[in-house]
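Geometric and topological summary
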Amino acid sequence: MYLAFVLALMLTAAPSELTIDAKPAGVEVKVDGKKSGTSGKPITVKLKAGRHLVRLSYKGDAHEEELSLKG
């Protein structure tokens, strides 16, 4: 199984917005261990400066990415 996702980071005044567009539909999205939504449409999360962990899970397959946002 292959999970594809796109991260779009809007660098504006804190907090920043992270938009996650994961494919296929039904991918569970967690940011810093908290469920942020399920794919099917883009998911936008507001984040403060620092390190953040994005985890995508789908039918037993998972992918993690660590992001570092500067304030």
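Residues numbered from 1 in each chain as written. Predicted model: local features only at pLDDT ≥ 70, side-chain atom pairs only at ≥ 80, totals over all residues. Heavy atoms only, no water.

**Details of unusual backbone geometry**
Condition: Here a strand is any run of E in DSSP of at least two residues, a helix any run of H or I of at least four, and the numbering for each starts at the N terminus. Only protein chains enter the accessibility calculation, which uses a 1.4 Å probe. A residue is then buried if its area is under 20% of the maximum for its type, exposed if over 50%, and partly exposed in between.
Cis geometry marks the peptide bond from K23 to P24, where omega comes out at 0°. Looking at the secondary structure, you find P24 in the loop between β2 (16–23) and β3 (28–31). At D32, a residue that is not glycine, the phi angle is positive and equals roughly 55°. In this fold, D32 is placed in the loop between β3 and β4 (34–38). Judged by its relative accessible area of 38%, D32 falls in the partly exposed class. Of note, K59 is a non-glycine position whose phi angle comes to about 45°, a positive value. Among the secondary structure elements, K59 is positioned in the loop between β6 (50–58) and β7 (61–69).

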